[in-house]
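Results of the structural survey
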Amino acid sequence: MHWNPVQASCLWALLMLPLAVAQARDYVYSDAHLHYVDFFQETAGMEALLKAMDDNRIEQVMIAGVPVAKKWHEDEPKRPRYYAGDDAAAYWYSATDVLVAAAVKKLPAEQRRRFHPFLSGFNPNDKNSAAHIQRMLDLDPGLWQGIGEVFTRHDDLTALTAGDTPRANNEAMTKVYHLAAENDLPVMLHSNITSKRERNPLYLAEIEEPLRNHPHTRFIWAHAGTSAEIHRHQTRLEFLLPTLTRLLESYPNLYIDLSWSLLTPYLLDKQGNPDPAWLQLVERFPERFMLGSDVVGRFNKLGSELRGFDGFLDALPQEVARKVAHDNFLAILPANHRP
């Protein structure tokens, strides 16, 4: 039988279809970084969150409040939409945890198992904070499964927040780390590695000292010390990858939240191609990286934020990709809360 070129092409496509289907990966995700409320302590609600999870194969989520509230200042005629909307201050807001706890406790048992609440509503400059956290743990035994996201160095938000600049290595946080270790709770820290202008790891000591001094505390470093505001001024921190490599080599208690400010320009280039050096790093430490959406009170983009990592995950070995997309976050939870 003689095949013309078109017939031959069609036959080849049909023969290759099963292979293509076999190679396609449909990830099930755990979201390691999700804020139930925004900077005004408002939310689209649990029904919207559950729908977004179900629609996008998101099986488990870390759920936290936002530890500060943005003030609508008397002199501002329009309510700001974000903390950077105007120059009004933000202030520490402990009731954020009450909102999270109430939402989670209303869920039926089978849904509640999908949520892993982290406690964040405390002032990281206050040496009373550890005692406050212990009271919250005692108030709802077994509810809280981690601490954070703790806002320490956080570019413009730091400047807007009332009070002293919080540092991840201050005395108040030292008390929190001891409490976290005693209660088997991981701690998620937002601690910028540098400022908007300095092209060096200016604030590295603020994250490295806790890693070194608290080996029994598990730390999740949000965005590996980066932020969107830093990237507006410095497109790419060339020192980030070698610094991160050294820290992962030195501190087995360090885990990295690969939320959106790391996606570009680090994990993927503008054409969507994965960076070989970052692939190599994740393959070298396959249990130390996790995905986070970092959505804030609204959940319509939850799926697209996590699926944005698929191009990077697809370039990893399948077992490593599964760990990053789903398993690694669950593995660092308290032993009695791991699914």
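Along every chain, residues carry numbers that run from 1 in the direction the sequence is written. Since the coordinates come from a predicted model, pLDDT governs what is reported: local features require at least 70, and pairs of side-chain atoms require 80 or more to be given and counted, while whole-chain, interface and lining totals use all residues. Hydrogens and water molecules were not included; the side-chain quantities draw on all heavy atoms of the structure.

A few words on helix 10 (residues 240-250). An α-helical segment advances 3.6 residues per turn. Residues three or four places apart therefore align on the same side. Only protein chains enter the accessibility calculation, which uses a 1.4 Å probe; a residue is then buried when its area is under 20% of its type maximum, exposed when over 50%, and partly exposed in between. Runs of E in the DSSP output that reach at least two residues are strands. Runs of H or I that reach at least four are helices, and both are numbered from the N terminus. Buried residues of helix 10: L240, L241, T243, L244, T245, L247 and L248, and no others. Note on contacts: a residue pair is in contact if any heavy atoms of the two residues lie within 4.5 Å. Packing partners of the buried residues in helix 10 comprise helix 8 (204-213), strand 8 (219-222), strand 9 (254-257), helix 11 (263-267), helix 12 (276-284) and strand 10 (289-290).

Here the focus is the UniProt feature "domain: Amidohydrolase-related" (unreviewed entry) in the chain. UniProt positions are given in the numbering used here, feature names are shortened, and annotations may be inferred rather than shown by experiment. The feature "domain: Amidohydrolase-related" (unreviewed entry), as annotated in UniProt, sits at residues 31-328 in this numbering. Helix makes up 39% of residues 31-328 and strand 13%, and the two end C-alpha atoms of the span are 10 Å apart.

Right, let's talk about the packing of aromatic side chains for a bit. Between rings of Phe, Tyr and Trp, where Trp is taken as its six-membered ring, a pair exists when centres lie within 6.5 Å; planes separated by under 30 degrees are stacked, by over 60 edge-to-face, and by other angles tilted. Taken as a whole, this structure holds ten aromatic pairs when the rule is applied. Ring geometry for F39 and Y82: centres 5.4 Å apart, planes at 85°, overall edge-to-face. On the criterion of sequence distance, the pair formed by F39 in the loop between strand 1 (29-31) and helix 2 (46-55) and Y82 in the loop between strand 3 (68-70) and strand 4 (90-92) is long-range, its members being 43 residues apart. The exposure class of F39 is buried, given its relative accessible area of 5%. Using a relative accessible area of 42% as the deciding quantity, one classes Y82 as partly exposed. Judged by centre distance (4.5 Å) and plane angle (35°), the rings of Y82 and Y83 are tilted. Taken together, the aromatic side chains of F39, Y82, Y83 and F151 make up a single cluster linked through ring pairs.

In this section: the packing of helix 10 against helix 12. When two helices pack together, their arrangement is given by the angle between their axes and by how far apart the axes lie. Convention adopted: a line fitted to C-alpha atoms gives each axis, helices being fitted over their contacting stretch, and angles between N-to-C directions are expressed from 0 to 180 degrees. Packing of helix 10 against helix 12 brings their axes to within 11 Å, and their N-to-C directions diverge by 5°. Taken together, the axis directions place helix 10 and helix 12 in an arrangement best described as roughly parallel. Only A277, W278, L281 and R284 of helix 12 make contact with helix 10, whose side of the interface consists of L240, L241, L244, T245, L248 and E249. Of the residues that constitute the contact of helix 10 with helix 12, the class distribution is seven nonpolar, one polar and two charged. In this scheme, roughly parallel covers angles under 35 degrees and roughly antiparallel covers those over 145, while 65 to 115 is roughly perpendicular and the rest are oblique. Here the term charged refers only to Asp, Glu, Lys and Arg, the term nonpolar to Ala, Val, Leu, Ile, Met, Phe, Trp, Tyr, Cys and Pro, and the term polar to all other amino acids, Gly among them.

When DSSP locates at least two bridges between a pair of strands, those strands are taken to pair. Ordered by their spatial adjacency, eight strands build an open sheet running 1-2-5-6-7-8-9-10, and the pairing between neighbours is parallel. Looking at which strands have only one partner, the edges of the open sheet turn out to be strand 1 and strand 10. Both strand 7 (residues 187-190) and strand 8 contribute to a ladder of three bridges, which runs parallel. Directly across from M188, in strand 8, lies its bridge partner I220. This element, helix 2, spans strand 2 (58-64) and strand 5 (115-119) of the sheet and lies at about 145° to strand 2.

A few words now on the pairing of strand 2. For strand 2, the tally of buried residues reaches six of seven residues, placing the bulk of the element in the interior. Pairing of strand 1 with strand 2, which is carried by three bridges, proceeds in the parallel orientation. Within strand 2, the position partnered with D31 by the bridge is V61. Crossover handedness is defined by viewing with both strands directed away from the observer: a clockwise path from the first strand over the helix to the second marks the crossover as right-handed. Between the parallel elements strand 1 and strand 2, the chain passes through helix 2 in a crossover that is right-handed. When strand 2 meets strand 5, the two strands line up parallel, connected through four bridges. Each residue of the ladder has a partner; that of M62, found in strand 5, is H116.

Take unusual backbone geometry next. For the peptide bond that leads from G148 to E149, omega is 0°, which places it in the cis range. Here E149 is to be found in strand 6 (residues 146-151). With an omega dihedral of 20°, the bond running from T264 to P265 counts as a cis peptide bond. Residue position: P265 is located in helix 11. We note that R57 has phi near 55°; this positive angle belongs to a residue other than glycine. Relative to the assigned elements, R57 resides in the loop between helix 2 and strand 2.

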